[in-house]
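Each chain, letter by letter, is given below.
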Amino acid sequence: MKRLLSIELQKIWKNKASRVLTITYFGLLSLLTLLAIVKFDFGPFHIDASQQGVFNFPYIWHFNSYIADYISFFLAIIIVSMMANEYSYGTLKQNLIDGLSKKEFILSKFLTVLFFSALATTFVFLVSLVLGLKFSTYTEFRIVFSQMDYLLAYFIKLVCYFSFCLFLGILIRRSAFALGFLILWYFIEKISFGILKYKVFNKSTNVDAVYNFFPLESMSNLLVEPYSRLSVVKAIGSQVGIDNVKDYSVHWYAIAIALAWTAIFVYGSYFLLKKRDL
């Protein structure tokens, strides 16, 4: 497995575009530290990120995981390009000629997905830990390392998302079209959900239940937005008469659905590669 992962990482690092995207991605993750200096006024409310509990343990695990997820598209580009380049440069056929089986080939790609997901999660953990230890009101060991299931959810979400990208890269073979389809699928899920829920079934909760099993929706369910947990947001909500009853927990069934899609994407990638004439 180490050999397979090493081969893939060398391919990525020797590709200038992939190298730049990787560095850019982790550079953007580092910018999470700049949230400490965010200050602005919202009507009578003075917003100072470092004073509003953004960096308090254990909330910071939720907040930073959610924010970091916004830039995962950079790594998605790398994953899609990684597969598309195999067809463009003929390295897929050469790898198979050199003795690499199709199962090993897919395994090498999935190991790369796991590697980048684990690396990104570790990076978010370290950045969050440093910010929390510096700004958090609560630094007791029990509190610091509680609710870390948000990091687990972030890791699983990345693995599922990148597995989807891998599948699209093999299915479509062209990185631009694969990324275009990924964006198109996002709008397909959102628009069809809105039509069915508000136009066809009159706000039925059954529509929500069904869409929880859709690929991108199931991934988004792993990490619920954290902003409304902040005291300043709750205060604003109270001022306008809005009660917050949202469930922010990481649920086992959300993890199970995402893992099921991951298995489908990985097996689907292998199935396509196995049946397709290279």
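Refer to the structure presented above.
As the structure is a prediction and not an experimental result, all values here were calculated from the model.

### Overview of the packing of helix 6 (residues 102-135) against helix 13 (residues 252-275)
Relative orientation of the contacting elements helix 6 and helix 13 amounts to 140 degrees, with a least axis distance of 10 Å. Every pair of crossing elements has a handedness; the one defined by helix 6 and helix 13 is right-handed. Between helix 6, through K102, K103, F105, I106 and F110, and helix 13, the contact on the second element is made entirely by T262, V266, S269, Y270, L273 and K274. Here the residues of the contact of helix 6 with helix 13 sort into six nonpolar, two polar and three charged.

### Regarding the packing of aromatic side chains
Counted according to the given criterion, the structure contains 19 aromatic pairs. Note on F26 and F123: the rings are 5.5 Å apart at their centroids and 65 degrees apart in plane angle, and the pair reads as edge-to-face. Taken together, the residues span a long stretch of sequence, with F26 in helix 2 (residues 16-30) and F123 in helix 6 at a distance of 97 residues. With a centroid separation of 5.4 Å and an interplanar angle of 25 degrees, the aromatic rings of W261 and F265 are classed as stacked. Of this pair, W261 and F265 are both found in helix 13, four residues apart, which corresponds to roughly one turn of the helix. Note on F265: relative accessible area 4%, which makes it buried. Joined through ring pairs, the aromatic side chains of F164, F167, W261 and F265 make up one cluster. The ring centre of W13 lies 5.7 Å from the NZ or CZ of R19, which sits over that ring. The aromatic ring of F135 is capped on one face by K134, whose charged end is 5.5 Å from the ring centroid.

### Focus on the environment of G194
Examined against the element boundaries, G194 turns out to sit in helix 9 (residues 175-200). Taking C-alpha positions, G194 is 9.4 Å from V207, a pair spaced 13 residues apart along the chain.

Reading guide: rules and limits
- Residues numbered from 1 in each chain as written.
- Predicted model: local features only at pLDDT ≥ 70, side-chain atom pairs only at ≥ 80, totals over all residues.
- Heavy atoms only, no water.
- Axes fitted to C-alpha atoms, helices over the stretch in contact; angles between N-to-C directions.
- Helix = DSSP H or I, 4+ residues; strand = E, 2+ residues; numbered from the N terminus.
- Left-handed = near helix turned anticlockwise from the far one by under 90°.
- Contact = heavy atoms within 4.5 Å.
- Nonpolar A, V, L, I, M, F, W, Y, C, P; charged D, E, K, R; others polar.
- Phe/Tyr/Trp six-rings, centres within 6.5 Å; stacked < 30°, edge-to-face > 60°.
- Buried < 20%, exposed > 50% of the residue type's maximum accessible area, 1.4 Å probe, protein only.
- Lys NZ or Arg CZ within 6 Å of the ring centre and 35° of its normal.

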